[in-house]
Amino acid sequence: MLDEERYRNLSCDDYEEAVGIGAYMTGFRGIGGLIKVFPEDFEVWEVLNGGLEAREAFEDWRPPSIPPVKHALVVVRKRDRETLRVAADLAELLGVRLRAVKTFGLKDRRAVAWQFMAVPARSVLEWLERPMELRRAEARVVGEAHSVEPRELLFNRFRVLVRGAVADRGVLDEFVSEVSSRGVPNFYGLQRFGVSRPITHVVGYHVVRGDLEAAARAFVGLSTPYEPAHLLEFRRAFLESGDWERAARNVPRSLVYERALLSHIARNPGDFVGAFRRLPLRIRRLFVESYASYVFNRALTENLRDGIPLDEPVEGDLVARLDRFGRPEQRVYQVSRWNLSEAARRVREGTMAVLMPHPGHSIRLPQNERGRAVLRVLEEDGLRPSSFRLRELAEASSRGGYRPVLLRPLHLTAEVAGGGEVLVEMALPRGSFATVVLRELMKQRCALSYIGRDVHR
């Protein structure tokens, strides 16, 4: 059962287990090391349909020859900044609502990232020939956005420097060979839950079970020892006092979303529905999706520990065809004894993937142990798939979806860069996490190693 108490004093050694990640697929020894010591150590950029690469579009930028008509495609370079904060800054600069700024995916905060956004064409007419300067980011108009749907994103490219590693050529070769051929468990990475404070799924758990007061208290008050001291002091003081009005007066300026929620509660005591509606819809939905991601991770960990294969289907599984960029098609098939051999052949070829549900109120469950693992995790928390149809925050309800149990990189290399450094380059399907691949290589017990910190040193 999801125990909120464990998140009040969470050790970095417990971070992965706290978000449901609890097993490795590879057996070789890890190289250790740190990533993201500097934002420049982790570079990521998007590739859209048609092969348009964000990094290239930014670095080789020219003003568009034809002004956009409906939606403008904007390329953004950000450094050490969250995607949603950059989107909010862009919305403010252009004088449009945040919901009018469409992103094709969220990118790591502690990184240098190049990504695309789509905005109303009329809002950028004065910016066609000059860059838009934002906080730790810059945006440039590329042209017309032909689609604002997430599936416009084909894949992401990554270039990652691992510092302080044991740069063993043999291990690197084994890593590239095994991961390229077999893949790794397709966990949701720590970024999904908050890196220095992995609690978004705890908030989402309370939202799904209908206790918005507990959700608000967790959002404001839960902390870890690795947050800045002034934030830690504020959160602990709030949990001890439970005084919403006092918290609203003392909330640090950097906690933008917490301040919005607390200000509403201070003015409207007991109105937790209204308080959550002060947050952007994306954030409200993120809480619910984070809890579903936690359930997926825990169920996938159970599969690994119980020896259920990830790289071959079994009777009762759900599968889907993959396009050439590793993205599953929407139509889902159930594996029976009649089509098992054909499904197994396609999975081996990489043209089909075994799926597991990302829970929601309209999902189908695999009719086997894989499906029972999802149900067990939900039942331990006193929930079921229908619980994701929310009554009080209906707009944050989740239908659910399906996610491949394996992540196979589209491209992967690992080279010794000298001085205990390893350079990893990869291309990954949309929706997958580079840190999930890197954890199989590094095998660090402290998850803060994936944001450039190692408290054991």
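Counting of residues starts from 1 at the beginning of each chain's written sequence and follows it residue by residue. Selection of residues for local features in this predicted model requires a pLDDT of at least 70, selection of side-chain atom pairs for listing and counting requires 80 or more, and totals for whole chains, interfaces and linings are taken over all residues. Where side-chain values are given, they derive from all heavy atoms of the structure, hydrogens and water being excluded.

With respect to the overall build of the protein chain
Check the secondary structure of the protein chain and you find 14 helices and 15 strands. In terms of overall dimensions, the protein chain has a C-alpha envelope of 60 × 55 × 50 Å along the principal axes. Classification of residues uses two cut-offs on accessible area relative to the type maximum, computed with a 1.4 Å probe and protein chains only: under 20% is buried, over 50% is exposed, and between them is partly exposed. The buried share of the protein chain, taken over its 457 residues, is 57%. Contacts: residue pairs with any heavy atoms within 4.5 Å of one another. Contacts in the protein chain between residues at least 24 apart in sequence constitute 75% of all its contacts with a sequence separation of at least 6. Accessible surface, the protein chain as shown: approximately 19700 Å² in total, 46% of it carbon and sulfur. Positive charges come from Lys and Arg, negative ones from Asp and Glu, while His and the chain ends are left out of the count. Every charge is mapped to an atom, namely NZ of Lys, CZ of Arg, CG of Asp or CD of Glu. The average position of the 71 basic charges and that of the 62 acidic charges among the side chains of the protein chain differ by 4 Å. For the purposes of this entry, the term helix denotes a DSSP run of H or I that reaches at least four residues, the term strand denotes a run of E that reaches at least two, and both are numbered from the N terminus. Note on areas: Shrake-Rupley with a 1.4 Å probe; residue coverage comes only from the protein chains shown.

Quick look at helix α3 (residues 83–94)
Any helix carries an expected span of 1.5 Å times its number of residues minus one. Its 12 residues give α3 an end-to-end C-alpha distance of 16 Å, which sits within 8% of 16 Å, the value for a rise of 1.5 Å per residue. The set of residues buried in α3 consists of T83, L84, V86, A87, D89, L90, A91 and L94. G95 sits one or two residues past α3 and shows a positive phi near 70°.

Concerning the pairing of strand β7 (residues 153–162)
Each regular strand displays side chains that alternate between the two surfaces of the sheet. In terms of burial, β7 is largely enclosed, as 8 of its 10 residues are buried. At least two bridges found by DSSP between two strands are what make those strands a pair. Sheet analysis places strand β1 (residues 42–48) next to β7, joined by 7 bridges and oriented antiparallel. Across the sheet, E43 pairs through a bridge with R159, a residue of β7. Pairing of β7 with strand β15 (residues 421–429) involves 8 bridges; the strand directions are antiparallel. In the strand pairing of β15, F158 is matched with M426.

Details of the packing of helix α5 (residues 200–208) against helix α6 (residues 212–221)
Angles here are taken between N-to-C directions and fall from 0 to 180 degrees, while the axes themselves are lines fitted to C-alpha atoms, restricted in helices to the stretch in contact. Packing of α5 against α6 leaves a shortest axis separation of 7 Å and a crossing angle of 170°. Accordingly, the angle class assigned to the pair α5 and α6 is roughly antiparallel. On the side of α5, the interface is formed by V202, V203, H206 and V207, while α6 contributes L212, A214, A215, A218 and F219. Its residues placed into classes, the contact of α5 with α6 shows 8 nonpolar, 1 polar and no charged. Oblique is the label for every angle not falling under 35 degrees (roughly parallel), over 145 degrees (roughly antiparallel), or within 65 to 115 degrees (roughly perpendicular). Charged residues are taken to be Asp, Glu, Lys and Arg, nonpolar residues to be Ala, Val, Leu, Ile, Met, Phe, Trp, Tyr, Cys and Pro, and polar residues to be all remaining types, Gly included.

Concerning the state of the cysteines
Criterion for a disulfide: a pair of cysteine sulfur atoms within 2.5 Å. Counted by the stated rule, this structure contains 1 disulfide. The side chain of C12 participates in a disulfide bridge whose partner is C446; the two sulfur atoms lie 2.3 Å from each other. Between C12 and C446, the S-S dihedral sits near -130°, and the bridge is therefore left-handed. Residue C12 is located in the segment before α1 (15–18), and its partner C446 is located in the segment after α14 (434–442); the two are separated by 434 residues in the primary sequence. For C12, a relative accessible area of 1% translates into the label buried.

A closer look at the confidence of the model for the protein chain
The pLDDT value expresses, per residue, how confident the predictor is, ranging between 0 and 100. Averaged over every residue, the pLDDT of the protein chain is 94; the share at 70 or more is 99%. Confidence, read as mean pLDDT per element, is least for α1 in the protein chain (91) and greatest for helix α2 (residues 54–59) (98).

Regarding the packing of aromatic side chains
Each Phe, Tyr or Trp ring (for Trp, its six-membered ring) is paired with any other whose centre lies within 6.5 Å, and the angle between the two planes then decides the class: stacked below 30 degrees, edge-to-face above 60, tilted in between. Within this structure, the stated rule accounts for 14 aromatic pairs. Arranged with centres 5.5 Å apart and planes meeting at 85°, the rings of Y188 and F296 form a pair that is edge-to-face. You can see Y188 sitting in the loop between β8 (184–185) and α5 and its partner F296 sitting in helix α11 (residues 281–305), a full 108 residues away along the chain. Judged on exposure class, the residue Y188 and its partner F296 are both buried. What links up through ring pairs into an aromatic cluster is the set Y205, Y291, Y294 and F388. Two thresholds decide whether a charge sits over a ring: the Lys NZ or Arg CZ must be within 6 Å of the ring centre and within 35 degrees of the ring normal. Over the ring of Y188 we find R403, and its NZ or CZ is 3.8 Å from the ring centre.

Notes on the environment of F276
Counting through the fold element by element, F276 comes out in helix α10 (residues 272–276). With 16 residues separating them in the primary sequence, F276 and A260 have C-alpha atoms 8.7 Å apart. Leaving out residues up to four positions away in the same chain, F276 has contacts with V203, L212, A215, A216, L261, R284, F287 and L393.

Topic: the pattern of salt bridges
Salt bridge, as used here, is a side-chain nitrogen of Lys or Arg placed within 4 Å of a carboxyl oxygen of Asp or Glu. Inspection of every chain in the model, using the stated rule, returns 42 salt bridges. For E40, the salt bridge identified is with R79, shortest N-O distance 2.5 Å. With E40 in the loop between α1 and β1 and R79 in strand β2 (residues 71–79), this pair connects stretches of sequence that are 39 residues apart. Its salt-bridge partner being E369, residue R376 comes within 2.6 Å of it at the nearest N-O pair. For E369, a relative accessible area of 26% puts it in the partly exposed group. Each of the salt bridges in this network shares a partner with another, and the network as a whole consists of R197, E227, R235 and E258.

Quick word on the side chain of D41
For D41, the position within the fold is in the loop between α1 and β1. In this view, D41 contacts K36, R159, V160, L161 and R163; residues no more than four positions away in its chain are not counted.

Considering the packing of α6 against helix α7 (residues 229–241)
Put simply, α6 and α7 touch, their axes get as near as 8 Å, and they point 145° apart. Contacts between α6 and α7 involve R217, F219, V220 and G221 on the former and, on the latter, F234, R235, F238 and L239. For the contact of α6 with α7, the per-class residue count stands at 5 nonpolar, 1 polar and 2 charged.

Remarks on helix α9 (residues 256–267)
Its 12 residues give α9 an end-to-end C-alpha distance of 17 Å, which sits within 8% of 16 Å, the value for a rise of 1.5 Å per residue. For α9, the elements touching its buried residues are α3, α6, α7, α8 (244–250), α10 and α11.

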